[in-house]
Amino acid sequence: MTNSDKPATPLTYEELSELVKRHESVIKTLKTTLSVQQSKTRDILYSIPLGLLVVNGQQRIEALNKLIEEFFGYQTEELVSKKITELFPDLQFLRVNPKPVPVMARRKGGETFPAEIIVNEFDAQLNFVHVQDITERSRLDRLRQDFVAMVSHDLRTPLTSIRGFLTMASEGAYGPVSDQGNRAIDRAQSSADLLISLVVDLLDAEKIDSGEFEPDLQETTTNVVVDRAIYASQAAAKGANVEIDKEVTNDVFWADEDRVVQVIVNLVGNAIKFSPAGSIVTISAGLEGAGVVFRIKDRGPGIPKQLQSAIFERYRQLNQPKETKRRGFGLGLAICKSLVEKHKGRIWVQSEEGKGSTFCFSIPLMDENFRT
Ligand code: ADP
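All of these numbers come straight from a predicted model, not from anything done at the bench.

What counts and how
Residues numbered from 1 in each chain as written. Predicted model: local features only at pLDDT ≥ 70, side-chain atom pairs only at ≥ 80, totals over all residues. Heavy atoms only, no water. Helix = DSSP H or I, 4+ residues; strand = E, 2+ residues; numbered from the N terminus. Buried < 20%, exposed > 50% of the residue type's maximum accessible area, 1.4 Å probe, protein only. Phe/Tyr/Trp six-rings, centres within 6.5 Å; stacked < 30°, edge-to-face > 60°. Lys NZ or Arg CZ within 6 Å of the ring centre and 35° of its normal. Patch = residues over 30% accessible without salt bridge, like charges linked within 9 Å, V, L, I, M, F, W, Y side chains within 5 Å. Areas by Shrake-Rupley, 256 points an atom, 1.4 Å probe, with all protein chains shown as cover. Salt bridge = Lys/Arg side-chain N within 4 Å of Asp/Glu carboxyl O. Axes fitted to C-alpha atoms, helices over the stretch in contact; angles between N-to-C directions. Parallel < 35°, antiparallel > 145°, perpendicular 65-115°, else oblique. Left-handed = near helix turned anticlockwise from the far one by under 90°. Contact = heavy atoms within 4.5 Å. Nonpolar A, V, L, I, M, F, W, Y, C, P; charged D, E, K, R; others polar. Expected span 1.5 Å × (residues − 1). Pairing = 2+ DSSP bridges.

Draft legend 1. Inspection of the environment of G278 at higher detail. When you line up the elements, G278 lands in the loop between helix 7 (257–274) and strand 9 (280–288). Judged by its relative accessible area of 57%, G278 falls in the exposed class. Residues G278 and E243, spaced 35 residues apart in sequence, show a C-alpha to C-alpha distance of 7.2 Å.

Structural data, given as structure tokens:
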């Protein structure tokens, strides 16, 4: 006979009451622990440095934290069970979206401010809404736009006419120029070119950033874009005594041809800048998987592993070579990245310090009507 087959002996009254007491004490401890945990969770949620709302299926607010009180000027009790339109007048329904969405937010007094929300699903009935006040960021964006407009109108136009006058002077339009004068004009032209290219970089970055730029797709080939890029890079290569080599199969793809050429010219320009004199920069391109891949390989100093992703960020520059042939703002690679991503492609670098770098980018195969 096993234990479980034994007939249960009825408990005495004392034993029963002892058991109940023990259970009651366990339940009490559990309750206290739960309530301590709940209050800890509430405190954490309340004080996290991000506005947080809990919203139910009826689009009503169930809970909020301290930062929401600060952003909107309400006390918690004033908002609980109110519709979200109280805070975001244009938002009838919350859509779950892990990416920040810009919305107009309204404070207690009716004043509005720009905000960004991220909506995460907690369960079928509840959503977590993270809210960020982006007033300061919007103000900086406006300042940046004003600055870029200023750069565009007040710098680019006069620079271009200075460049024009210098060319005319060097061609003798204002009378004969001595050798010394021509050398001075050459230097002034290079400086004007450098400034114009910096201004163009700034304007390009701004245009892509503001969402104004969309690639103008056309049919082209890897051979055409590489040849155009080599043609545009020839003078720089010659000046640095660097040879450009090409290993390209002639594959057809759809892309904004001018912009792909711009990316290659930029990468080749960097490769030349970092190449030792007498070395070779190799451009290869061809079909790989579902797209075309371009590779620009140099025999320069290479890029340390830990900086290989940072160089694609704006205004990031590593040590420039001593004899810098083309200075920049650290915008070149960031612009390349944006242009490639606008084609739904990817850009990356393979490099080992002391062994050169290979910058690569891919453009998926797509056509005018069907963007992958
Ligand atoms: P910029 O426009 O100022 O040239 P980029 O965005 O093109 O800046 O480049 C960012 C940084 O990446 C630069 O500081 C440069 O030092 C480094 N870099 C870019 N290309 C190469 C390369 N081929 N070899 C070594 N370093 C490079």
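Draft legend 2. How the structure looks around the packing of aromatic side chains. Applying the stated rule across the entire model yields 6 aromatic pairs. Relative to F128, the ring of F122 lies with its centre 5.1 Å away and its plane at 55°, an arrangement referred to as tilted. Over the ring of W348 we find R346, and its NZ or CZ is 4.2 Å from the ring centre.

Draft legend 3. Spatial organisation of a nonpolar patch on the surface. Nonpolar side chains collect at one region of the surface, where L11, L16, L19 and V20 lie side by side and expose about 320 Å² of accessible area between them. Position of L19 among the secondary structure elements: in helix 1 (residues 13–47). By relative accessible area, which is 30% here, L19 ends up partly exposed.

Draft legend 4. Structural view of the packing of helix 6 (residues 222–239) against helix 7. Between helix 6 and helix 7, whose axes approach to 9 Å, the crossing angle comes to 40°. Taken together, the axes of helix 6 and helix 7 are oblique relative to one another. Between helix 6 and helix 7 lies a crossing whose hand is right-handed. Residues V224, V225, V226, R228, A229, A232, S233, A236 and A237 of helix 6 form the contact with helix 7, whose participating residues are E257, D258, V260, V261, I264, V265, V268 and I272. The class makeup of the residues in the contact of helix 6 with helix 7 is 13 nonpolar, 1 polar and 3 charged.

Draft legend 5. Looking closely at unusual backbone geometry. The backbone of Q59 sits at a positive phi, close to 65°, despite the residue not being glycine. By the secondary structure assignment, Q59 is in the loop between strand 1 (51–56) and strand 2 (61–64). Taking relative accessible area as the criterion, Q59 reaches 8% and is therefore assigned buried. The backbone phi angle of K344 is positive, close to 65°, even though this residue is not glycine.

Draft legend 6. Summary view of helix 5 (residues 179–209). A rise of 1.5 Å per residue sets the reference length of helix 5, with its 31 residues, at 45 Å; its end C-alpha atoms lie 45 Å apart and thus fit the reference within 8%. One or two positions beyond helix 5, positive phi appears at G211, with a value near 80°.

Draft legend 7. Here's a closer look at the sheet that holds strand 10 (residues 291–297). If you walk across this open sheet you meet the 5 strands as 7-9-10-12-11, and the pairing is mixed. Each edge of the open sheet is held by one strand with a lone partner, namely strand 7 (243–248) and strand 11 (346–351). Adjacent strand axes in the sheet meet at a mean angle of 15° when their direction is disregarded. Relative to strand 7, helix 6 is tilted by about 175°, and along the sheet it contacts strand 7, strand 9 and strand 10.

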